[in-house]
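Here are the chains, one letter per residue:
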Amino acid sequence: MKKLVLALLTISTFVHGQSSQVFQEGNAETGFNSGYNLEKSPNTKWVLNSIKALESMDTLSYKSFYSADVKFHDNLEEKNLSQNVAFISALKANGISVKFEKVAPIWEYVHKNKYMKEANNYVISYQYATLTKAGKTIKVVISAVDLIKDGKIVQEWLAYDTAGIMSLFK
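Everything numeric in this text was worked out from a predicted model, so none of it was measured.

Asker: How should I be thinking about the pairing of strand S5 (residues 120-133) in this particular structure?
Answerer: Consecutive side chains of a regular strand alternate in pointing toward one face of the sheet and then the other. Where strand S4 (residues 97-111) lies against S5, twelve bridges are found, and the strand directions are antiparallel. Within S5, the position partnered with Val-103 by the bridge is Gln-127. Taken together, the 13 bridges between S5 and strand S6 (residues 136-149) define a ladder with antiparallel strand orientation. Residue pairing across strands places Gln-127 opposite Ile-142, the latter belonging to S6. What sits between S5 and S6 in their antiparallel hairpin is a turn of two residues, with Ala-134 showing a positive phi close to 45°.

Asker: How should the sheet that holds S4 be read in this particular structure?
Answerer: Two orientations exist for strands paired in a sheet by backbone hydrogen bonds: parallel and antiparallel. In spatial order, the strands read S1-S4-S5-S6-S7-S2-S3; together these seven strands make up an open sheet with mixed pairing. Looking at the sheet topology across the chains shown, the edges are occupied by strand S1 (35-38) and strand S3 (77-79). The average undirected angle you get between the axes of adjacent strands in this sheet is 20°. Packing of helix H4 (residues 81-93) onto the sheet brings it into contact with strand S2 (66-74), S3, S4 and S5, and relative to S2 it is tilted by some 70°.

Asker: Sorry if this is basic, but what is going on with the packing of aromatic side chains here?
Answerer: In this description, a pair of aromatic rings is defined by centroid distance and the angle of the planes. Evaluated as defined, the whole model comprises five aromatic pairs. Measuring from ring centre to ring centre gives 4.9 Å for Tyr-62 and Tyr-66, while their planes differ by 45°; the resulting arrangement is tilted. Across this residue pair, the class does not change: Tyr-62 and Tyr-66 are buried. Here the aromatic rings of Tyr-122 and Trp-157 are separated by 6.5 Å at their centres, their planes lie at 45°, and the arrangement is tilted. Taken together, the residues span a long stretch of sequence, with Tyr-122 in strand S5 and Trp-157 in strand S7 (residues 152-159) at a distance of 35 residues. A relative accessible area of 22% means that Tyr-122 is categorised as partly exposed. A relative accessible area of 29% places Trp-157 in the partly exposed class. The side chain of Lys-79 reaches across the aromatic face of Phe-87, ending 5.5 Å from its centre. A cation over an aromatic ring shows up here: Lys-102 above the ring of Tyr-128, its NZ or CZ 4.7 Å from the ring centre.

Conventions we followed
- Residues numbered from 1 in each chain as written.
- Predicted model: local features only at pLDDT ≥ 70, side-chain atom pairs only at ≥ 80, totals over all residues.
- Heavy atoms only, no water.
- Pairing = 2+ DSSP bridges.
- Helix = DSSP H or I, 4+ residues; strand = E, 2+ residues; numbered from the N terminus.
- Axes fitted to C-alpha atoms, helices over the stretch in contact; angles between N-to-C directions.
- Contact = heavy atoms within 4.5 Å.
- Phe/Tyr/Trp six-rings, centres within 6.5 Å; stacked < 30°, edge-to-face > 60°.
- Buried < 20%, exposed > 50% of the residue type's maximum accessible area, 1.4 Å probe, protein only.
- Lys NZ or Arg CZ within 6 Å of the ring centre and 35° of its normal.

See the structure below:
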């Protein structure tokens with residue numbers, strides 16, 4: 001029994017040492033493991049605040065989180081800021097309210113390697129929204145990735161099911 005415990009302890013130590021070694025080999029200079037994750041950062045807070053502006057349908061505040069030439073990849077359909085704001089305005093004009101039940105998980109991935117002059121900062125989140133119109137409620141899960149440069153969102157990739165949302169416009 002002692003030999004078995006000793007063998008398992010030795011294997012466990014070896015496995016732990018191997019996984020730690022692989023993780024520590026890479027850095028921004030070598031190009032391996034050239035990124036890191038942050039659970040909370042100014043950029044994750046920035047995205048959460050942009051979601052609050054969307055939820056309140058405050059388009060003026062909402063626009064302030066994005067660069068003027070932001071590109072939205074909304075279910076692979078490319079849109080600009082004016083088109084995105086027009087959709088929010090259409091929700092509001094049609095009496096559709098938006099409530100985000102939770103945004104979790106959310107984290108920032110900072111990508112940088114030796115070939116890059118500056119890092120790319122991506123905020124990845126899963127957003128759970130409820131849209132309501134005249135007692136009809138639709139729940140939507142949104143997978144979002146926001147690229148942030150110079151304190152503004154410059155690209156946003158969203159994936160979600162649009163069928164329920166479109167049914168609220170009828």
